[in-house]
Amino acid sequence: MPLNVLVVDDSNVMRSIIVRTLRLSGLPLEEVLEAENGREGLDVLSKHWIDLALVDINMPVMNGLEMIDKVRQTSEISDLPIIVVSTESSTTRIEMLKDMGIGFVHKPFSAETLREAVIELTGVTLNEPTSNESL
Ligand SMILES: [Mg+2]
């Protein structure tokens, strides 16, 4: 079943890279929606069915950790699969996220790393020949 994906990052450039990487990944995708902070991300989640969210940590208005807290407290979306895509380097924080069942991809990332994280978290299988193009 193709995934509806939400990409939340305050950088236009980073969102473009993530969306492009997803599109080239061979993953089965339906819609890919974007938001530039946690507040906007929650707004998208309230209006669209999303199967997977890729979430930055450092963002203005509402950061990724605050957004994740809100998601986990909201019954309709509390079990949303989430991958944090961040420059975060605190192993303590990364372990905390993993303990919460949240994926983690370090920026900068390879196309392969992002794809593997999506597969690991969602269990989707590739349905097209994969591109070898990397960033
Ligand atoms: Mg950021």
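Quick caveat: nothing in here was measured; it's all calculated off a predicted structure.

S.K.: Can you lay out the overall build of the protein chain for me, pointing to particular residues and giving the numbers?
M.R.: Along the protein chain, the regular secondary structure elements total five helices and five strands. For the protein chain, the succession of helices and strands along the chain, N to C, is β-α-β-α-β-α-β-α-β-α. Computed over C-alpha atoms, the radius of gyration of the protein chain comes to 14 Å, within 12% of the 14 Å expected from 2.2 N^0.38 for 135 residues, which places it in the range of a compact globule. Principal axes of the C-alpha set define a box for the protein chain whose edges measure 40 × 30 × 30 Å. Residue burial in the protein chain is summarised as follows: out of 135 residues, 47% are buried. Across the protein chain, every contact between residues at least 6 apart in sequence was considered, and the portion connecting residues at least 24 apart equals 63%. Per element, the accessible surface of the protein chain, about 7100 Å² overall, is 49% carbon and sulfur. Side chains of the protein chain carry 11 positive and 22 negative charges; the gap between the two charge centres is 3 Å.

S.K.: I'd love a proper account of the side chain of Ser25, names of residues and values included.
M.R.: In this fold, Ser25 is placed in the loop between helix 1 (12-24) and strand 2 (29-35). Within the structure, the side chain of Ser25 is placed 2.5 Å from the backbone oxygen of Leu22, a separation counted as a polar contact.

S.K.: Which residues make up the coordination of the magnesium ion, and what are the values?
M.R.: Geometrically, a metal with four donors at the corners of a regular tetrahedron has ideal angles of 109.5 degrees, and one with six donors at the corners of a regular octahedron has ideal angles of 90 or 180 degrees. Binding of the magnesium ion to the protein goes through Asp10 (OD), Asp56 (OD) and Asn58 (O), at separations of 2.1 to 2.2 Å. The sequence pattern describing where the donors of the magnesium ion fall on their chain is D-x45-D-x1-N. One end of the pair, Asp10, is in the loop between strand 1 (3-8) and helix 1; the other, Asp56, is in the loop between strand 3 (52-55) and helix 3 (64-73), and 46 residues separate them in sequence. Asp10 gets classed as partly exposed once you look at its relative accessible area, which sits at 35%. By relative accessible area, Asp56 is classed as buried at 5%.

S.K.: Explain the sheet that holds strand 5 (residues 103-106) residue by residue, including any values.
M.R.: With parallel pairing, five strands are arranged side by side in an open sheet as 2-1-3-4-5. Every other strand in the sheet has two partners, leaving strand 2 and strand 5 as the edge strands with one partner each. The sheet shows a mean angle of 20° between the axes of neighbouring strands, taken without regard to direction. Relative to strand 5, strand 4 (residues 82-86) runs parallel, the two sharing four bridges. Bridge pairing in strand 5 links Ser86 to His106.

S.K.: Report on unusual backbone geometry, specifying residues and quantitative values.
M.R.: In this structure, Pro108 follows Lys107 across a cis peptide bond, with omega equal to -5°. One can find Pro108 in the loop between strand 5 and helix 5 (111-122). A positive phi angle is found at Val61, which is not glycine, with a value near 70°. Within the secondary structure, Val61 sits in the loop between strand 3 and helix 3.

S.K.: Could you give me a rundown of the nonpolar core, with the residues and numbers involved?
M.R.: Counting 25 residues, the largest nonpolar core has Leu6, Leu45, Met67, Val71 and Ile82 as its most contacted members. Elements with a contribution of two residues or more to this core: strand 1, strand 2, helix 2 (38-47), strand 3, helix 3, strand 4 and helix 4 (91-99). Tallying contributions element by element places helix 3 first for this core, with four residues. When residues no more than four places from it in sequence are discounted, the contact partners of Leu6 are Leu33, Glu34, Ala35, Gly41, Val44, Leu45, Ile50, Leu52, Ala53, Leu54 and Met67. One finds Val7, Val85, Val105 and Val118 within the second-largest nonpolar core, a separate group that totals 20 residues.

Thresholds applied
- Residues numbered from 1 in each chain as written.
- Predicted model: local features only at pLDDT ≥ 70, side-chain atom pairs only at ≥ 80, totals over all residues.
- Heavy atoms only, no water.
- Helix = DSSP H or I, 4+ residues; strand = E, 2+ residues; numbered from the N terminus.
- Rg over C-alpha atoms; globule rule 2.2 N^0.38 Å.
- Buried < 20%, exposed > 50% of the residue type's maximum accessible area, 1.4 Å probe, protein only.
- Contact = heavy atoms within 4.5 Å.
- Areas by Shrake-Rupley, 256 points an atom, 1.4 Å probe, with all protein chains shown as cover.
- Lys, Arg positive; Asp, Glu negative; His and termini not counted.
- Charge placed at Lys NZ, Arg CZ, Asp CG, Glu CD.
- Polar contact = N/O pair within 3.5 Å; in protein donor to acceptor, adjacent residues only side chain to side chain.
- Donors = N, O, S within 2.8 Å, 3.2 Å for Na, K, Ca; no water.
- Pairing = 2+ DSSP bridges.
- Axes fitted to C-alpha atoms, helices over the stretch in contact; angles between N-to-C directions.
- Core = buried A, V, L, I, M, F, W, Y, C linked by side-chain atoms within 4.5 Å.

Geometry only, nothing functional implied.
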